[in-house]
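Architecture and fold: a report
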Amino acid sequence: ALKTKSTLALLALGLLFNFTSAAQDLPLANGQEYTIGEIEVTGNVSFNEQTIIAYTGLKKGEKIFIPGDRISKVLKKLWDVGSFSDVNIYVTNIDGNVADLELEIQEVPALANVRIQGIKKKKQEEFIKENKLNKGTKVTENLLTTTKNYIQNTFKEEGFLNTKVVMNTVPVEDTLNRNTVNLVVNVDKGERVKIEDIEISGNEAFSDARLKRAMKKTKEQKFLRFWKRSKFIPEEYEADKQKILSIYKERGYRDARIVSDSLIHVDENDVTLNINLEEGNRYYFGDIEFVGNSVYSDQELRRRLGISKGDVYNGVLLEKQIADNTKPDANDLTNLYQNNGYLFSNINPVEVRVYNDTIDFEIRIREGKVAYFDEITVIGNDKTKDHVIYREMRTKPGHKYSKEAVVRTVRELGQLGFFDAENLTPDFKEVDQNSGTVDLEYSVVEAGASQIELQGGYGGGGFVGTLGLSFNNFSLSGLFDKDAYKPLPMGDGQTLSLRAQASTYYQTYSLSFSEPWWGGKKPVRLSTSLQHTEQYFYDYRNREADKDRKFSISGITLGLARRLTVPDDFFVLSTAVAFQHYNLSNYNTGLFTFGDGYSNNFSLTLGLTRDNTFSNPIFPMGGSKFEIIAKLTPPYSLFNDIDYANLGDQKEYQLQNENGVLINRQGRPLRDGEDPVPDQGKIDQEKYKWLEFYKIKFNGTWYTNIYEKLVLRTHAEYGFLGAYNNDRGIPPFERFYLGGDGMGTYSMDGREAIALRGYPNQSLIPVDRGVMSSATDNDGATIYNKYSLELRYPITLKPTASIYGLTFLEAGASFDDFKDYNPFQINRSAGAGIRIFMPAFGLLGIDFGYGFDPLPGETQANGWETHFIIGQQF
Amino acid sequence: CGEYQKVLKSKDTGLKYSTAENLYNEAKAGEGNSRRKYRKALRLFEQLVPEFRGKPQGQKLTFMFADTYYELNDYFLAGYQFERFVESYPESEKLEEAAFKGAKSYYFLSPAYYLDQTETIKGISKMQEFINRFPESERMDEANKLATELRVKLERKTYEIAKQYHHTESYVAAITAFDNFISQYPGSPFREKALYYKFESAYLYAINSYAYAMPERLANAREYFEDYQRYYPEGEYIEMANTALKDIETKEQQL
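Since the structure is predicted, the reported quantities are computational estimates derived from the model, not experimental observations.

Here we take up the overall build of chain A. Across its full length, chain A carries 12 helices and 35 strands. Each of the 874 residues in chain A was classed as buried or not, and the buried ones make up 44%. In chain A, 59% of the contacts between residues at least 6 apart in sequence involve partners at least 24 apart.

If you tally the helices and strands in chain B, you get 12 helices and 0 strands. Counting all 255 residues of chain B, 51% fall into the buried class. Excluding contacts between residues fewer than 6 apart, the proportion of contacts in chain B whose partners are at least 24 apart in sequence is 58%.

Below, the discussion takes up the confidence of the model for chain A. Residues and elements named next belong to chain A. Chain-level statistics for chain A give a pLDDT mean of 84 and a share of 91% at 70 or above. Mean pLDDT across the secondary structure elements of chain A bottoms out at strand β17 (residues 450-459), with 67, and peaks at strand β28 (residues 710-722), with 95. Ignoring residues within four places in sequence, the model shows residues 1-23, a span with pLDDT below 50, making 39 contacts including any to other chains.

Take a nonpolar patch on the surface next. Residues and elements named next belong to chain A. Taken together, the side chains of Leu-558, Val-577, Phe-602, Leu-604, Leu-606 and Trp-690 define a hydrophobic patch exposed on the protein surface, amounting to about 460 Å² of accessible area. Residue contributions to the nonpolar patch peak at 3 residues, all from strand β24 (residues 597-611). Within the secondary structure, Leu-558 is located in strand β22 (residues 544-563). Taking relative accessible area as the criterion, Leu-558 reaches 44% and is therefore assigned partly exposed.

Attention now moves to the pairing of strand β3 (residues 84-95) of chain A. Residue and element names in this part refer to chain A. As paired strands, β3 and strand β4 (residues 98-107) are joined by 10 bridges and run antiparallel to one another. Note on β4: the bridge partner recorded for Val-91 is Leu-101. Where β3 folds back onto β4 in an antiparallel hairpin, the turn is made up of 2 residues, including Gly-96, whose phi is positive at roughly 65°.

On the chain B side, the residues contacting the 29 residues of chain A number 23 residues. Around 2,100 Å² of area is buried between chain A and chain B when both sides are counted, 49% of it from carbon and sulfur atoms. Across the contact surface, chain A and chain B share 3 salt bridges. A:Lys522 is paired through a salt bridge with B:Glu169; the nearest N and O atoms lie 3.3 Å apart. In this assembly, chain A and chain B are joined by 10 residue pairs in polar contact (both at pLDDT 80 or more).

Residues and elements named next belong to chain A. Note the cis peptide between Val-566 and Pro-567, where omega equals 0°. Its identity as a non-glycine residue notwithstanding, Asp-641 has a phi of 55°, on the positive side. Relative to the assigned elements, Asp-641 resides in the loop between β26 (620-632) and α12 (680-688). Overall, the relative accessible area of 74% leaves Asp-641 in the exposed class.

Moving on: the side chain of A:Asn381. Checked against the element boundaries, A:Asn381 lands in the loop between β14 (372-379) and α10 (386-390). For A:Asn381, a relative accessible area of 0% corresponds to the buried category. Separated by 3.0 Å, the side chains of A:Asn381 and A:Asp386 make a polar contact. With sequence-adjacent residues up to four places away left out, A:Asn381 is seen in contact with A:Asp386, A:Ile389, A:Val444, A:Glu446, B:Tyr114, B:Leu115 and B:Asp116.

The subject of this paragraph is the sheet that holds strand β7 (residues 180-188) of chain A. Residue and element names in this part refer to chain A. Taken in spatial order, the 3 strands line up as β5-β7-β6 in an open sheet, and their pairing is mixed. A strand with exactly one partner marks an edge of an open sheet, and here the two such strands are β5 (110-117) and β6 (164-171). Strand-to-strand twist across the sheet, computed as the mean angle between neighbouring axes with direction ignored, equals 20°. Packed onto the sheet, helix α4 (residues 141-157) meets β6 and β7 and runs at close to 150° relative to β6.

Ring pairs (aromatic) are described by centroid distance and by the angle formed between their planes. Evaluated as defined, the whole model comprises 63 aromatic pairs over all chains. Judged by centre distance (5.1 Å) and plane angle (70°), the rings of A:Phe815 and A:Tyr821 are edge-to-face. Classification of A:Tyr821 by relative accessible area gives partly exposed; the value is 27%. Directly above the aromatic system of B:Tyr197 lies the positively charged group of B:Lys163, at a separation of 4.5 Å from the ring centroid. When the ring centre of B:Tyr231 is taken as reference, the NZ or CZ atom of B:Arg191 above it lies at 4.7 Å.

Take empty space enclosed by the protein next. All names here are of chain A. Throughout the structure, instances matching the rule amount to 1 cavity of 30 Å³ or more. Quantified by volume, the largest cavity comes out at close to 40 Å³. Phe-736, Tyr-737, Leu-764, Ile-765 and Gly-780 are, among the 12 residues lining the largest cavity, the residues nearest its centre. Take the lining of the largest cavity: its biggest share by element is 3 residues, from strand β29 (residues 736-738). Residues belonging to the lining of the largest cavity are distributed by class as follows: 7 nonpolar, 3 polar and 2 charged.

Okay, the sheet that holds strand β13 (residues 358-366) of chain A next. All names here are of chain A. Strand order in the open sheet formed by 3 strands is β11-β13-β12, and the pairing between neighbours is mixed. Strands with a single pairing partner mark the edges of an open sheet, and in this sheet they are β11 (284-291) and β12 (346-355). Neighbouring strand axes in the sheet, compared pairwise and without regard to direction, differ in orientation by 25° on average. As paired strands, β11 and β13 are joined by 6 bridges and run parallel to one another. Within β13, the position partnered with Ile-288 by the bridge is Phe-361. Here helix α7 (residues 298-305) sits on the sheet and contacts β11 and β13; the angle it forms with β11, its principal contact strand, is near 140°. Docked against the sheet, helix α8 (residues 315-322) engages β11, β12 and β13, running at close to 150° with respect to β12.

Close approach of charged atoms lets side chains of opposite charge pair. Taken as a whole and assessed by the stated rule, the structure comprises 59 salt bridges over all chains. Measuring nitrogen to oxygen at the nearest pair gives 2.8 Å for the salt bridge that ties A:Asp386 to B:Lys157. Pair noted here: A:Asp386 is in helix α10 and B:Lys157 is in helix α8 (residues 140-167), and the two residues belong to different chains. The pair A:Asp386 / B:Lys157 is uniform in exposure class, with both members buried. For A:Glu734, the salt bridge identified is with A:Lys631, shortest N-O distance 3.0 Å. Taken together, the residues span a long stretch of sequence, with A:Glu734 in the loop between β28 and β29 and A:Lys631 in strand β26 at a distance of 103 residues. Classification of A:Glu734 by relative accessible area gives buried; the value is 2%. Using a relative accessible area of 18% as the deciding quantity, one classes A:Lys631 as buried. Several salt bridges share partner residues, and in doing so they unite A:Glu717, A:Arg757, A:Lys786, A:Glu790, A:Arg792, A:Glu810, A:Arg835 and A:Asp847 into one network.

Residues and elements named next belong to chain A. Buried within helix α1 (residues 49-56) are the following residues: Ile-52, Ile-53 and Thr-56. Buried residues of α1, viewed axially, fall in a sector of 95°; they line one side. Looking one or two residues past α1, Gly-57 carries a phi angle of roughly 85°, positive in sign.

It is worth spelling out a negative patch on the surface at this point. Residue and element names in this part refer to chain A. On the surface, Glu-191, Glu-196, Asp-267 and Glu-268 cluster together to form a negatively charged patch. Position of Asp-267 relative to the elements: it lies in strand β9 (residues 257-267). With relative accessibility at 37%, the residue Asp-267 sits in the partly exposed group.

Residues and elements named next belong to chain B. Close contact between helix α7 (residues 118-133) and α8 brings their axes to 9 Å; oriented N to C, the two are set at 155°. Regarding the angle of α7 to α8, the classification is roughly antiparallel. With respect to the hand of their crossing, α7 and α8 are arranged in left-handed fashion. Facing α7, whose interface residues are Thr-120, Ile-121, Gly-123, Ile-124, Met-127, Gln-128, Phe-130 and Ile-131, α8 presents Met-140, Ala-143, Asn-144, Leu-146, Ala-147, Leu-150, Arg-151, Lys-153 and Leu-154. A class-by-class count of the residues in the contact of α7 with α8 yields 11 nonpolar, 4 polar and 2 charged.

What follows concerns the environment of A:Thr609. All names here are of chain A. Within the secondary structure, Thr-609 sits in strand β24. Classification of Thr-609 by relative accessible area gives buried; the value is 16%. Between the C-alpha atoms of Thr-609 and Phe-571, which are 38 residues apart in sequence, the distance is 5.6 Å. What Thr-609 contacts, discounting residues up to four positions off in sequence, is Phe-570, Phe-571, Val-572, Lys-625, Phe-626 and Glu-627.

Reading the values: rules and limits
Residues numbered from 1 in each chain as written. Chains lettered and ligands numbered in written order. Predicted model: local features only at pLDDT ≥ 70, side-chain atom pairs only at ≥ 80, totals over all residues. Heavy atoms only, no water. Helix = DSSP H or I, 4+ residues; strand = E, 2+ residues; numbered from the N terminus. Buried < 20%, exposed > 50% of the residue type's maximum accessible area, 1.4 Å probe, protein only. Contact = heavy atoms within 4.5 Å. pLDDT = per-residue confidence, 0-100. Patch = residues over 30% accessible without salt bridge, like charges linked within 9 Å, V, L, I, M, F, W, Y side chains within 5 Å. Areas by Shrake-Rupley, 256 points an atom, 1.4 Å probe, with all protein chains shown as cover. Salt bridge = Lys/Arg side-chain N within 4 Å of Asp/Glu carboxyl O. Pairing = 2+ DSSP bridges. Buried area = accessible area lost by both parts, 1.4 Å probe. Polar contact = N/O pair within 3.5 Å; in protein donor to acceptor, adjacent residues only side chain to side chain. Axes fitted to C-alpha atoms, helices over the stretch in contact; angles between N-to-C directions. Phe/Tyr/Trp six-rings, centres within 6.5 Å; stacked < 30°, edge-to-face > 60°. Lys NZ or Arg CZ within 6 Å of the ring centre and 35° of its normal. 1 Å grid on protein atoms, 1.4 Å probe; cavity = no way out; pocket = protein on both sides within 12 Å on 5 of 7 lines; lining within 4 Å. Points joined across faces, edges and corners; volume = space filled by probe spheres on them. Nonpolar A, V, L, I, M, F, W, Y, C, P; charged D, E, K, R; others polar. Arc of directions from axis to C-beta. Lys, Arg positive; Asp, Glu negative; His and termini not counted. Charge placed at Lys NZ, Arg CZ, Asp CG, Glu CD. Parallel < 35°, antiparallel > 145°, perpendicular 65-115°, else oblique. Left-handed = near helix turned anticlockwise from the far one by under 90°.

Right, dumping it as structure tokens:
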């Protein structure tokens, strides 16, 4: 190409125009029309020539004016990219009316390295990340300015008002001529600006101290204030001035205002604030009239409003009773309308008359049309299937709009545990006032819902291995679909857990599955589980397990639970049938007096639960949970005509030798006059062939939000195990063992471990079990009660890990008989701990508890105990 | 493998380029373990692409890079890289192929109907862009087929959600949802089912109502029956619909 820069240096930018004329080209000054010949790009380093030409839209053979509007627009377009520090267009050659063009560009340098000086490393990294100061980023003026402002503002928000930021760019010497620069940022944040004094004048109704207390973030410098440091942050100060005014407005001083306020620099880092107030008069509510209401009567509205004539005027309360923006489920006037379809309703209080110290109000209501939900959609569910989400929703197409339904849907979707509860948002779309419809889109973010437990270790003289898998959003239907394995079939909201534990002398396996919406029509939860445990006789002398002597338990459980609608839909009714078979072969346990034999446990469990805790299942902020459970076996002894009291009188339950001859304890045949001896093993085998008992339990838990995120958990529980037939007695199964972490340890007798921190595991045997009692420490109680108070405060509630700290007070006791029952004879404890919940591991925690009372048989307070908590909540 | 490792660590971009190109061509021709070759080529491409950005070889390199992702079934990155190629090299002779493979990548990314359909919607629009831009393409048939498949997937999603309202006995919701479906997707293969279940929802809603509300609701159901009958007089569900209609008539007489 010819390089005769005989150039018309056409246009240097900036002179140029906002020609609003349309796309076609217009000549400028004495512009002439040319046809474009060759187009050449010079000066480009990282950009492709073709890319630049394509971007300008200029094409060979196109007709343009030089100089002309088209050329100037091309220049502007290139400038707007922000990647060039200079752009010029030259005509390099003119042949007839064909003009060759040269686009000369100078690229903005790219960033090589960045160094931030004068602040901590963590902050440096944050600034680099927030401003995207990455290698290769184009260093434009805009980048430098926004970075500088960002840094200054960040420190300003922390009270460093005098922060200085200097940005330097240093070109990098580079043989490849790559046009890069290093960026050096010097930050001098200076001293934090503190408030030496706050002077308030003009206040009579409230003291200086009261008003200063109202300012939450703007505090005077004081020697003993560690917890809230004095710092001056302009935005916070503005907000705090409003807080002072709301103290007045809440107490009748409607006209209170800040007449003037000033900031005086005492020295570079200290300021004094002067606030001059005018209180005005104290007012009272006068008549309150409702205008425009047709759906609700004045009386209904007045009751909801809760303000009557003569009350001290309180603008803040009035606003709150009409529309409380801090609580989505507030009991205010707006929600009365919003929860019943009136999406477009609008409520406005207007002062209609002010006389003396009284204000009359008119509450003007525009009810608008009733709105109905139209399309309800979900986005973001890349694992959980639609039907699992839609079935939980309370917002349905064609149903009346209700804000409460939206709030509850969000809450309940969060409780499923499949989504990040803090990140669930409903978006109103296509809100159409004419047709009275609103579309709703729920945006969800999937969260990990599976847990894996893998353990190995030495215990009980051998290796113990545990493998546990729990899938909380499983899909059974996906099992046979090879495309569903990603890596496992998921998304039907089912739960599958598998657990296997094995050591040299025992093995236990369990499998459980549950489907929360059996049949998909109604929320009927179906759960099934299978377990099998085998325990071998362990010979401690030669340290071997004898596989011929064993005790095995096999069990199956089948349960159904359904959500009720009456009395309200927080109620769940559950039923379960369970069957367990115990088999002993030449194996003596503490449970049975016989070493060969069997026992069956067939039971029906009925439970009624009401749970309205919300909204994060890991950390409920409010609501309560009640549970009453009855576990019953059939009352066999009512029908089978066996006289359990006198079994020992019958020959077949008396000691005898192989030939059926009755014998005495020494094994010799009975002599004349000698009484036959009852065979306790045979009697018990008869008693426990089919276990017979009934068990009733009650649990109540309340969550109270005390302040910010501080939550009090109040809990009480009771349990009772009884026999239908006292001659047959209460079996040694299904009993309560109080104390410790309450985790279900390895046990074969269906025992229930009840947590009571501050004492060793299962150590609190019934208080009145005397020395003469035949019961041993190994026998559980048949009655217990437990109370607990726990204060919780979250450290973080992120979906990756939720962490909270807690302190607790607990008390409980267990008993053998109702006649011993004494609700005040309890073992008390107190302590503190921490819980960490990670989706992949479940709940982990550690508690330190101090037991104030002695253990049974001891005289001194039990003292400190440490409890590790895995996978279960107190 | 030692040879390859040396190339990988070498500073000679020319050598890397030729090695990567050979690996890519061999894999493309199906020689040996092609997945393995693509994977090896990919590691080299990853190093080369930033080096050659804006250089003459960049065009071919970008195409091979995108295509390697495509062949390795990494459709997310393939879609993105093909898209970049189409934007950067509008003059390329591979433009049509790249545009098609880019769109098809989104087709592969589209999940089952019961999950979030963002990728499906994107796939439809990319496929439509291809169809509009290359009307003469020999890939037109396939493009149309794939676009239709994606559209039917969206229709199925909407239909199944409406059907779930019917299944869970939320009849008002079902009627509204089927109604929206019918007006939104007039040519859908689920249209007959939608019309029938809209009628059935209205019918079940009516007969389970209090007496005072029943006449109006029965009349509605009858109207929906007529809609169904008009479009599908010989339809799959006509017998069931007729039985329900008879019941409506009996009920109307009793009232």
